[in-house]
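Geometric and topological summary
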Protein chains: 2
Amino acid sequence: MTATSRFLISPGAKVNLRKRSTDDDGGLSKQEAEAALAKACARLFELQALMYAERRHALLVVLQAMDTGGKDSTIRAIFSGMNPQGCRVTSFKAPHELERMHDFLWRVHQAVPPLGDIGIFNRSHYEDVLIVRVRKLVPEKRWKARYDHINAFEEMLHDEGVTIRKFFLHISKDYQRERLQRRLDDPEKHWKFNPDDLKERARWDDYQEAYEEALSRCSTKHAPWYVIPAENRPFRNLLVARALVEALEALDMKHPKPTFDPADLRIE
Amino acid sequence: MTATSRFLISPGAKVNLRKRSTDDDGGLSKQEAEAALAKACARLFELQALMYAERRHALLVVLQAMDTGGKDSTIRAIFSGMNPQGCRVTSFKAPHELERMHDFLWRVHQAVPPLGDIGIFNRSHYEDVLIVRVRKLVPEKRWKARYDHINAFEEMLHDEGVTIRKFFLHISKDYQRERLQRRLDDPEKHWKFNPDDLKERARWDDYQEAYEEALSRCSTKHAPWYVIPAENRPFRNLLVARALVEALEALDMKHPKPTFDPADLRIE
């Protein structure tokens, strides 16, 4: 059993992404990883049902990655087996007019799952210290204040019942080239290719630096970051699923007691 | 000119409501106060127009009071003259099912005004450390953590462009008796009378204590509280209006420069 804790960023640790594996497979074959994933997903399904019944906790899953890092396919692999009632994915694209007229957490807060539910963020408020920083979309003073604001926001959510787990799907620049090339070579994947993605790729080092600061400053006890080696996809999915199972198991949830005594009732 | 600063709570100051006037009239006659209010409102109207044009700032006004403290009539007196486009009042009642399934700031965050607008909160997230505390609606540990969460939330809003001013409309328990009696005596005001209000009145001291802690802990540089003597209504309105004018004047707003050169254009 591979410990997920190896991939957890301890609060206060300084993250150096170059020193972190992008292609670890945990020593598992593809078949082994997929079998273990199926088991983890089955357990996650049970825990979701329990959380839904109990309505005392919510689970918020944050996924971030460089382009081609595999956010979409991770979501598909893990959550397509969940009960869709009580499980909602929110993709955060470039903010529209009304969103830009509000603080950066405004649209994010609205999408936080209610008690009982799982919410998955495909990109998130972290873009406001990533692309916003790299592309200088707001003054430096403004984005610099956001790390603390993010921590305060996530701590508030935690205190109010939301369990938060955050995953950076870590790939190398070479791996990205290969994946982008594959999209170019396959006419059926052209819709996924956006020439602007190459502009972001050209700023790879700036993005890695921005990620390192976000991961270092915002991995907290109540809302930890995991850096997941993401090039071996079955192992990547397994690690994310296991970390979620562990998070929900730690909550010690129980089926709520009925408000009536079943022994008193007779269904005629 | 009466300084509003006398009624401002300095950050870190310990508030003792018994020592704060509820019936100060600033030495002004009713006519004088009303004339000064008209002037302040006219200036506020200009500043609102400027803020709306510039779209770099928003103004959030928080009003809290014991029952009969005059929140509704303050809102009417000051904001009925504003441009309703760009000015929205949100009344926070007992949270409904979906709201209770989210953190206490969730519904409040959605109502924060976008840049350019004025938002008025008739009651607010402070109820979550007032009635929630007095009536023990959540465990003590949970509401105790909320003072810090409120400060962090308001600081984030401030950093993202929202100017916040908070007003506690302060009345005495005797004044409340008088006002409630008036509602009972006047059949046209019976709709405003709710027998449950008497239960809250019975906990007057608990509420004053809860207010004192909220005012002491959450009056910050970026989001100050004012304790407004609220029994003299024209003076109460004047103080609130003036504090808002001062807040907006401090922003040094300017009409945005046109993105074209008007001299280049000829309208045929």
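Values in this document were obtained by computation on a predicted structure and should not be read as measured data.

For the rest of this paragraph, the subject is the environment of Ala152 of chain B. The residue Ala152 of chain B is located in helix α7 (residues 146-159) in this model. You can call Ala152 of chain B partly exposed: its relative accessible area is 22%. Sequence separation between Ala152 of chain B and Ala77 of chain B is 75 residues, and the spatial gap between their C-alpha atoms is 31 Å. Ala152 of chain B has contacts with His149 and Ala152 of chain A, leaving out every residue within four places of it along the chain.

Quick look at a positive patch on the surface now. Residue and element names in this part refer to chain A. Residues Arg76, Arg182, Lys189, Lys192 and Arg233 make up a contiguous surface patch of positive charge. With respect to the helices, strands and loops of the structure, Lys192 is situated in the loop between α8 (173-185) and α9 (196-202). The exposure class of Lys192 is partly exposed, given its relative accessible area of 32%.

Moving on: the pattern of salt bridges. Under the defined criterion, the tally for this structure stands at 46 salt bridges over all chains. Put simply, Glu46 of chain A and Arg43 of chain A hold a salt bridge, and the shortest N to O gap is 2.6 Å. You can see Glu46 of chain A and its partner Arg43 of chain A sitting in helix α1 (residues 30-54), 3 residues apart, about one turn around the helix. The exposure class assigned to Arg43 of chain A is partly exposed, which follows from its relative accessible area of 31%. Here Lys254 of chain B ties to Asp252 of chain B by a salt bridge, and the two come within 3.2 Å at their closest N and O atoms.

This part is about the environment of Lys19 of chain B. Here Lys19 of chain B is to be found in the segment before α1 (30-54). Between the alpha carbons of Lys19 of chain B and Tyr175 of chain B there is a distance of 16 Å; along the sequence they are 156 residues apart.

Listed per partner, the contact involves 25 residues of chain A and 25 residues of chain B. Carbon and sulfur atoms make up 59% of the surface buried where chain A meets chain B, a total of about 2,200 Å² over both sides. In terms of surface lost to chain B, no three residues of chain A exceed Met101, His109 and Glu160 of chain A, which account for 28% of the buried area on that side. Run the count over chain A and chain B and you get 4 salt bridges. A salt bridge links Glu160 of chain A to Arg146 of chain B; the shortest N-O distance between them is 2.8 Å. Seen at the junction of chain A and chain B, the total is 19 residue pairs in polar contact (both at pLDDT 80 or more). Elements that contribute at least two residues to the side of chain A that touches chain B include exactly α3 (97-100), α4 (106-110) and α7 (146-159) of chain A. When its residues are assigned to classes, the side of chain A that touches chain B shows 13 nonpolar, 4 polar and 8 charged.

The subject of this paragraph is the pairing of strand β5 (residues 225-229) of chain B. Residues and elements named next belong to chain B. Counting buried positions over the 5 residues of β5 gives 5, a clear majority of the element. Residues Trp225, Val227 and Pro229 point to one face of β5 and Tyr226 and Ile228 to the other, with burial holding for every one of them. Relative to β5, strand β4 (residues 162-170) is paired through 5 bridges, and the arrangement is parallel. For His170, the partnering residue across the bridge sits in β5 and is Pro229.

Residue and element names in this part refer to chain A. For strand β4 (residues 162-170), the buried fraction is high: 9 of the 9 residues fall into the buried class. Neither face of β4 is left uncovered, since the one carrying Val162, Ile164, Lys166, Phe168 and His170 and the one carrying Thr163, Arg165, Phe167 and Leu169 both have all their residues buried. Sheet topology note: the strand β1 (residues 58-65)/β4 ladder contains 8 bridges and is parallel. Across the sheet, residue Leu60 finds its bridge partner in β4, namely Ile164.

All right, on to the nonpolar core then. With 158 residues, the main nonpolar core has Phe79 and Phe167 of chain A together with Phe79 and Phe167 of chain B as its most contacted residues. In this structure, Phe79 of chain A is in contact with Leu44, Val61, Cys87, Ile118, Ile120 and Leu244 of chain A, ignoring residues within four places of it in sequence.

Tracing the sequence through the fold places His102 of chain B in the loop between α3 (97-100) and α4 (106-110). Under the relative-accessibility criterion, His102 of chain B is labelled buried at 8%. There is a polar contact of 3.2 Å between the side chain of His102 of chain B and the backbone oxygen of Leu98 of chain B. In this structure, His102 of chain B is in contact with Val112, Pro113 and Pro114 of chain A, ignoring residues within four places of it in sequence.

Parameters and conventions
- Position numbers for residues start from 1 in each chain and track the written sequence from start to end.
- Note on labels: chains are lettered from A, ligands numbered from 1, in written order.
- The predicted nature of this model means local features are confined to residues of pLDDT at least 70 and side-chain atom pairs, given and counted, to a pLDDT of 80 or more, with totals for whole chains, interfaces and linings taken over all residues.
- Excluding hydrogens and water, the side-chain figures rest on all heavy atoms present in the structure.
- For the purposes of this entry, the term helix denotes a DSSP run of H or I that reaches at least four residues, the term strand denotes a run of E that reaches at least two, and both are numbered from the N terminus.
- Categorising residues by exposure relies on relative accessible area from a 1.4 Å probe, with only protein chains included: less than 20% of the type maximum marks a residue as buried, more than 50% marks it as exposed, and the intermediate range marks it as partly exposed.
- By definition in these notes, contact holds between two residues if any of their heavy atoms fall within 4.5 Å.
- A residue counts toward a patch only above 30% relative accessible area and without a salt bridge, and it is joined to like-charged neighbours within 9 Å or, for Val, Leu, Ile, Met, Phe, Trp and Tyr, to nonpolar neighbours within 5 Å.
- Reported accessibility uses the Shrake-Rupley method at a 1.4 Å probe radius. Residues are deemed covered only where the shown protein chains occlude them.
- For this analysis, a salt bridge means a side-chain nitrogen from Lys or Arg found within 4 Å of a carboxyl oxygen belonging to Asp or Glu.
- Charged-residue counts in this description rest on Lys and Arg as positive and Asp and Glu as negative, His and the chain ends being excluded.
- For this purpose, a charge sits on NZ of Lys, CZ of Arg, CG of Asp or CD of Glu.
- Accessible area that two parts lose when put together, with a 1.4 Å probe and added across both, is what the buried area reports.
- The definition of a polar contact used here is a pair of N or O atoms within 3.5 Å, where within protein one atom must be able to donate a hydrogen and the other to accept one, and adjacent residues in sequence count solely through side-chain atom pairs.
- Three classes are used: nonpolar for Ala, Val, Leu, Ile, Met, Phe, Trp, Tyr, Cys and Pro, charged for Asp, Glu, Lys and Arg, and polar for all others, with Gly counted as polar.
- Two strands qualify as a pair provided DSSP detects at least 2 bridges between them.
- What is meant by a nonpolar core is a set of buried Ala, Val, Leu, Ile, Met, Phe, Trp, Tyr and Cys residues, joined one to another through side-chain atoms within 4.5 Å.

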